[in-house]
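So the chains spell out like this:
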Amino acid sequence: MLIYMKPKDQFYDPKFWRRRAEATLTKAASFAEGRSRDRLLKIAEEYEKLARRAEEWPTLKKDGGADSNHSS
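Residues numbered from 1 in each chain as written. Predicted model: local features only at pLDDT ≥ 70, side-chain atom pairs only at ≥ 80, totals over all residues. Heavy atoms only, no water.

A.B. asks: I would appreciate a short explanation of the overall build of the chain in the present structure.
C.D. replies: Tallying secondary structure elements over the chain gives two helices and zero strands in all. In the chain, buried positions account for 19% of the 72 residues. Nonlocal contacts in the chain, meaning residues at least 24 apart in sequence, comprise 58% of its contacts between residues at least 6 apart. (Helix = DSSP H or I, 4+ residues; strand = E, 2+ residues; numbered from the N terminus. Buried < 20%, exposed > 50% of the residue type's maximum accessible area, 1.4 Å probe, protein only. Contact = heavy atoms within 4.5 Å.)

A.B. asks: Would you mind showing me how to read the pattern of salt bridges here?
C.D. replies: Charged atoms that come close allow side chains of opposite charge to pair. Tallied over the entire structure, the rule returns seven salt bridges. Residue Arg18 pairs with Glu55 through a salt bridge whose shortest N-O separation is 2.9 Å. Placement of the pair is Arg18 in helix α1 (residues 14-29) and Glu55 in helix α2 (residues 35-62), with a sequence separation of 37 residues. With relative accessibility at 24%, the residue Arg18 sits in the partly exposed group. Residue Lys49 is joined to Glu46 by a salt bridge in which the shortest nitrogen-to-oxygen separation is 3.3 Å. In this pair, Lys49 and Glu46 are both assigned in helix α2, three residues apart and thus about one turn of the helix distant. One network of salt bridges, in which partners are shared, links Arg18, Glu48, Arg52 and Glu55. (Salt bridge = Lys/Arg side-chain N within 4 Å of Asp/Glu carboxyl O.)

Okay, structure coming up:
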């Protein structure tokens, strides 16, 4: 399932996801070890993946990717 986002959505901005990743890493650093820390690190990793994905969205649109088939 593809999700179409407007360029003005904060979710489209890689900086939004990177800020969330950084905040989550900061929170994880407050835990010495354990499941909570591991889960927060995994969440931060997923936020970074979303940031990379957000960087690709404009490229997909320019290249005639799935977004070009979407009617507004």
